[in-house]
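Summary of the model geometry
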Amino acid sequence: MSPKEINFQELFDSKIEDDVRIEPKDWMPEAYRKTLIRQISQHAHSEVVGMLPEANWITRAPSLNRKLILLAKVQDEAGHGLYLYCAAETLGVTRASTIDDLHSGKAKYSSIFNYPTLTWADIGAIGWLVDGAAILNQVPLCRTSYGPYARAMVRVCKEESFHQRQGYELMLQLCQGSPVQKEMAQDALNRWWWPTLMMFGPKDEESSNSELSMKWRIKRFSNDELRQRFVDVSIPQIEFLGLTVPDPDLKFNEETGHYSFGEIDWDEFWDVVKGKGPCNKERLDARRDAHNEGAWVREAAMAYQEKRSLRESQKRKQA
Ligand code: FAQ
């Protein structure tokens, strides 16, 4: 078949249908490319902004061991951001432009990172609940249709799984400690439970991107399906800790085999998404400051690279 005869749209559709990965040099519909750039870059921003609430506790970790674990976790999140920015770059955008979109407020990042970390128990709650939710969302992304995104997710998920377990172990230790420690754990659960349920995105009927993302197999499960799965796996974990779910409407439904739960405060969710959450301004200011203060590092790295290239080309000429 001559290149003229190839119907690129049909070829793309059949690859999606057969679960063959789309790779950077393959033809893809412009809307598919745009959706991926949006989701992958927002995911990258979430990883990077997501370092801030936990980094707040590095200097106050209660032991050397806890400090080491937390440092490693926060560094892992930076690494996830970097893999994801690289995956976005394979779609034809530069890292600088996606970061500019974050700093200008044009690009979103996960709502969850706009809540404050008030006590040490919040570090446990983030690892257990937030990383737990992230894993549920990201394991299916290891099979997403775009190759570089799917491959990045494999390592990310392995690391998130360590994060989730360290968070749960931290909560368990608090719950087996003094009454004050257990109270701190309950308070953290009370504050993080609902924002974690919001992480999965709006309910399906209000999820503007889902239809196409599911058709293109970028998303394999809907927002509500993943949210339900999260509730179902978390309740036994909460019971094991001896804590109470902050939801009077939570009930196990024998017929469906799932927990039914109370209504999420969607006004709060959209407020946070639109920049009106408790820490939105603080988070973006911190990212902008870090970017400006790091400018000299980027400039030095570029100057070093230029010098190296010049030296190498001179060597080649002399040889
Ligand atoms: N926050 O049509 P949908 C982590 C926006 S990583 C803010 O349903 P979609 C690791 C959405 O962008 C956490 N905005 O959107 C970690 C869209 O607006 P747009 C991040 C949200 O894309 C742990 C609009 O609402 N994970 O936690 C949120 O089909 C601990 C309509 O929504 C990922 O990014 C939200 N929660 O589904 C790091 C995973 N939800 O863009 C540090 C990859 C929705 O049209 C410490 N992303 N919106 O202007 C995804 O799976 C999807 O993008 C969803 C949203 C499921 C998040």
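Before reading further, recall that the structure is shown in the block above.
What comes next is a walk through the structure. (Residues numbered from 1 in each chain as written. Predicted model: local features only at pLDDT ≥ 70, side-chain atom pairs only at ≥ 80, totals over all residues. Heavy atoms only, no water.)

1. Some details on the environment of Tyr83
For clarity, the cut-off: Runs of H or I in DSSP of at least four residues are treated as helices and runs of E of at least two as strands, each being numbered from the N terminus. Only protein chains enter the area calculation, which uses a 1.4 Å probe; residues under 20% of their type maximum are buried, those over 50% are exposed, and those in between are partly exposed. In what follows, residue pairs with any heavy atoms lying within 4.5 Å of each other are defined as contacts.
Mapped onto the elements, Tyr83 comes out in helix 4 (residues 64-89). A relative accessible area of 25% means that Tyr83 is categorised as partly exposed. Separated by 16 residues in the primary sequence, Tyr83 and Ile99 have C-alpha atoms spaced 14 Å apart. Beyond its immediate chain neighbours, meaning those up to four positions away, Tyr83 contacts Ala152, Arg155, Val156 and Glu159.

2. Some points on the nonpolar core
The cut-off we apply is this: Only buried Ala, Val, Leu, Ile, Met, Phe, Trp, Tyr and Cys residues count toward a nonpolar core, and they belong to the same one when joined by side-chain atoms within 4.5 Å.
If you look at the biggest cluster of nonpolar residues, it comprises 51 residues, and the most contacted ones within it are Trp128, Trp192, Trp193, Phe230, Ile235, Ile238 and Leu243. At the level of secondary structure, the elements contributing two or more residues to this core comprise helix 4, helix 6 (121-138), helix 7 (147-175), helix 8 (179-198), helix 10 (223-241) and helix 11 (266-273). With nine residues, the single largest contributor to this core is helix 6. Core analysis: the next-biggest nonpolar cluster, separate from the first, contains 25 residues, Phe12, Ala88, Cys157 and Trp216 among them.

3. Regarding the pattern of salt bridges
Convention followed: When a carboxyl oxygen of Asp or Glu lies within 4 Å of a side-chain nitrogen of Lys or Arg, that pair is called a salt bridge.
Taken as a whole, this structure holds 20 salt bridges when the rule is applied. Measuring nitrogen to oxygen at the nearest pair gives 3.9 Å for the salt bridge that ties Lys106 to Asp101. Residue Lys106 is classed as exposed on the basis of its relative accessible area of 65%. Taking the relative accessible area as the measure of exposure, Asp101 reaches 27% and is therefore partly exposed. Ionic pairing is found between Asp224 and Arg227, a salt bridge with its closest N-O pair at 2.7 Å. You can see Asp224 and its partner Arg227 sitting in helix 10, three residues apart, about one turn around the helix. Taking the relative accessible area as the measure of exposure, Asp224 reaches 26% and is therefore partly exposed. It is possible to trace a salt-bridge network through shared partners that takes in Glu54, Lys73, Glu77 and Asp131.

4. Things to note about the layout of surface pockets
The rolling of a water-molecule-sized probe over the atoms marks out the regions of remaining empty space. Let me state the cut-off plainly: Of the grid points, spaced at 1 Å and generated over the protein atoms alone, those admitting a 1.4 Å probe that cannot get out make up cavities, while open sets with protein on both sides within 12 Å along at least five of seven lines make up pockets; any residue with an atom within 4 Å of a point is treated as lining. Grid points are joined across faces, edges and corners, and a volume is the space filled by probe spheres set on the points. Under this grouping Gly is polar, as are all residues other than the nonpolar Ala, Val, Leu, Ile, Met, Phe, Trp, Tyr, Cys and Pro and the charged Asp, Glu, Lys and Arg.
In this structure, the second largest pocket encloses a volume near 330 Å³. Within the lining of the second largest pocket, the residues separate by chemical class into eight nonpolar, three polar and three charged.

5. A closer look at a nonpolar patch on the surface
What counts is decided by this rule: Any residue with relative accessible area above 30% and no salt bridge may belong to a patch, with like charges joined within 9 Å and the nonpolar Val, Leu, Ile, Met, Phe, Trp and Tyr side chains within 5 Å. Using a 1.4 Å probe, the Shrake-Rupley method yields the accessible areas, and only the shown protein chains count as cover for residues.
Taken together, the side chains of Phe8, Leu11 and Trp27 make up a nonpolar region of the molecular surface, amounting to roughly 280 Å² of accessible area. Its place among the elements puts Trp27 in the loop between helix 1 (8-17) and helix 2 (30-49). Here Trp27 falls in the partly exposed class, since its relative accessible area comes to 37%.

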